[in-house]
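Here is what each chain is made of, one letter per residue.
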Amino acid sequence: MPSINRHLALFVGTLALTLGSAPAQSQPAQDGLQICLASLQAAALRSGVQPETYARLTTGLQADLTLLDKLNYQPEFKLPIWDYLSGLVDEERVSDGLAALRQHAEVLQRIAARFAVDPATVVAVWGVESNFGRLTGNYPLLQSLGTLSCFGRRQAYFQGEFYAALRILQRGDIAPERLNGSWAGAFGHTQFMPQTYERLAVDFDGDGRRDLVDNIDDALASTANFLHRGGWRSELPWGVEVRLPSGFDSRLGGRKNKRSLDDWVRSGLLLVNGSPLSESGLQGEKLGLLMLAGSNGPAFLTTRNFDVIYGYNAAESYALAIAHLADRLRGGGSFKTAWPTDDPGISRAERRELQTLLAARGHAIGDIDGVLGEKSRSAIKIEQERLGLPVNGRGGLKILQSLRGGR
Ligand code: CA
């Protein structure tokens, strides 16, 4: 193994110099992948993959080296929190979520009875993870996980997921051609990684297969099981929005910096409507204080249920999107405290409108899909420069309103 890894490291180093012009499916990449896969076979078999399965599913597997760029790029950590949330929790997703609650009401009730997780929370996870099954990812899982097992950072982690994907296909729960997902290997309605699938997926419709790709009952129940096994408590909210006193010491903040409700009362916190914290019903809980935009933005006391949601994807912004969407599905409103910006984020519908306006001004921005990617951001920069706005390529309300006004 070490010598193989050195070989691959040299190869990837050479490749990095030439990748600008070389095709992603170069012959050296294929040779490198096949050498690596041969070296991984023994470990795969030890993990429960049969020799026949390994041979059948890895022969001819193609490396996709474009994944290495994605491995080193994490957009959700670069977007301002208000942009992130305004795309994930917009009127469109609330409306789609309410429709999903109605359409799947019967199975969601049975899921709540078995796993003690409420329908709105389950549907909110579904909506944020895969836009209710519409965006489950098009990357063939074996190709992604095979590539990432052999190239780039975190190979040991991806090898574990690769072996799990092989075991899933070996059991026949999901057909190989249906096992597609995100570039990093999360798949299906719930976007579980293969090892999470093995631990937590459930066959809720009783057909003998745990199918998170083509069976919504299995997917929703598996999401509820994930939260249930993570320690979800059905009687608790995920948290409450609070008002901080002026001069608040923001060093007390942090999701993991747990204090009792009485401690937070002594620090001067109130519910966001000005009522005392005692009305929150959170006596006896250990509570963190979430402030994703500092002490001038929305602030929340969070319970262990928020930490359970956080466990789904290990990002606080992401967990807040799910928690907030669940509240909206229960009839709640937007946060009371504004984000500290004079240029608020915009919804997916507004992003599509912005793209349409950019296209009308002659910019080649590709599909009008509500995703502000590189082409959209380049066009926004040109327009920001023309309009005398700060040039940052960000699609917010200011640039939208300027272009709407025909400026
Ligand atoms: Ca099933």
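For the structure, see preceding data.
The following refers to the structure shown. Along every chain, residues carry numbers that run from 1 in the direction the sequence is written. Only residues with pLDDT of at least 70 get local features here, since the model is predicted, and only at 80 or more are side-chain atom pairs given and counted; chain-wide, interface and lining totals rely on the full set of residues. Here the side-chain values reflect all heavy atoms present in the structure, with hydrogen atoms and water set aside.

Some remarks on the sheet that holds strand S6 (residues 286–290)
Item 1. Strand order in this open sheet of five strands is S4-S6-S7-S3-S5, and the pairing throughout is antiparallel. Where the open sheet ends on each side, the last strands, each with one partner, are strand S4 (254–260) and strand S5 (270–271).
Item 2. When DSSP finds two or more bridges between a pair of strands, those strands are recorded as paired. The way it works is that DSSP assigns letters per residue, a run of H or I at least four long becomes a helix, a run of E at least two long becomes a strand, and they are numbered from the N terminus. Here four bridges tie strand S3 (residues 239–243) to strand S7 (residues 299–302), and the two strands are oriented antiparallel to one another. Opposite Glu241, over in S7, you have Phe300 as the bridge partner.
Item 3. Against the sheet, helix H14 (residues 304–313) touches S4, S6 and S7, its axis set at about 160° to S4. Here a residue-residue contact requires only that any non-hydrogen atoms of the pair lie within 4.5 Å. Inter-axis angles, ranging from 0 to 180 degrees, are taken between N-to-C directions of lines fitted to C-alpha atoms, where helices are fitted over the stretch in contact.

So, the nonpolar core
Item 1. Core analysis: the largest hydrophobic core is formed by 92 residues, its most contacted members being Phe162 and Leu320.
Item 2. The leading source of residues in this core is helix H15 (residues 316–329), at nine residues.
Item 3. Here the bounds of each domain stem from an automatic or database domain assignment. Looking at which domains feed residues into this core, each of domain 1 (2–63 + 137–187) and domain 2 (239–329) gives three or more.
Item 4. Among all residues touching Leu320, those that are not within four sequence positions of it are Leu85, Trp238, Leu290, Leu292, Phe300, Phe306, Phe335 and Trp339.
Item 5. Here the nonpolar core consists of buried residues drawn from Ala, Val, Leu, Ile, Met, Phe, Trp, Tyr and Cys, with membership extended through side-chain atoms lying within 4.5 Å. When a residue's accessible area, from a 1.4 Å probe over protein chains only, is under 20% of the maximum for its type it is buried; when over 50% it is exposed; and in between it is partly exposed. Ranked by size, the runner-up nonpolar core spans 16 residues in total, among them Val240, Leu271, Leu277 and Ala299.

Some points on the coordination of the calcium ion
Item 1. In this analysis a donor is any N, O or S atom within 2.8 Å of a metal ion (3.2 Å for sodium, potassium and calcium), and since water is not included, sites may seem incomplete. Bound to the calcium ion are the protein donor atoms Asp203 (OD), Asp205 (OD), Asp207 (OD), Arg209 (O), Asp218 (OD) and Asp218 (OD), situated 2.2 to 3.0 Å from the metal.
Item 2. Coordination at the calcium ion is irregular: its six donor atoms span angles of 47 to 161° at the metal.
Item 3. In the primary sequence, the donor residues of the calcium ion line up as D-x1-D-x1-D-x1-R-x8-D.
Item 4. Classification of Asp203 by relative accessible area gives partly exposed; the value is 24%. Under the classification used here, a metal with four donors is tetrahedral if each angle lies between 85 and 135 degrees, square planar if opposite donors are over 155 degrees apart and the others between 65 and 115, a six-donor metal meeting that same test is octahedral, and anything else is irregular.

A look at the side chain of Glu129
Item 1. When you line up the elements, Glu129 lands in helix H8 (residues 119–130).
Item 2. If sequence neighbours within four positions are ignored, Glu129 has contacts with Leu135, His189, Thr190, Gln191, Tyr312, Asn313 and Tyr318.

Concerning the pairing of S7
Within a regular strand, the side chains alternate between the two sheet faces.
Item 1. Here S7 shows a buried face lined by Ala299 and Leu301 and a second buried face lined by Phe300 and Thr302.
Item 2. Two strands pair when backbone bridges link them, and S6 and S7 are joined in this way by three bridges, in the antiparallel orientation. Looking across to S7, one finds that Gly288 is bridged to Thr302.

Topic: the state of the cysteines
Working definition of a disulfide: a covalent bond connecting the sulfur atoms of two cysteines.
Item 1. Any two cysteine sulfur atoms lying within 2.5 Å of each other are counted as a disulfide. Overall, the coordinates contain one disulfide when judged by the stated rule.
Item 2. Here Cys36 pairs with Cys150 through a disulfide, and the sulfurs are 2.0 Å apart. Judged by the sign of its S-S torsion, about -85°, the bond between Cys36 and Cys150 is left-handed. Of the two residues, Cys36 is situated in helix H2 (residues 27–46) and Cys150 in helix H9 (residues 141–150); the sequence distance between them amounts to 114 residues.

Observations concerning the packing of helix H7 (residues 105–115) against helix H12 (residues 216–229)
Item 1. The contact between H7 and H12 brings their axes to 10 Å, and the two run at 30°. Here H7 lies roughly parallel to H12, going by the angle between them. Between H7 and H12 lies a crossing of right-handed hand. Facing Val107, Leu108, Arg110, Ile111 and Phe115 of H7, the residues of H12 in contact are Asp217, Leu220, Ala221, Ala224, Asn225 and His228. Each angle gets one of four labels, with under 35 degrees taken as roughly parallel, over 145 as roughly antiparallel, 65 to 115 as roughly perpendicular, and the rest as oblique. The crossing is said to be left-handed when, going from far helix to near helix, the turn is anticlockwise and less than a right angle, and right-handed when the turn is clockwise.

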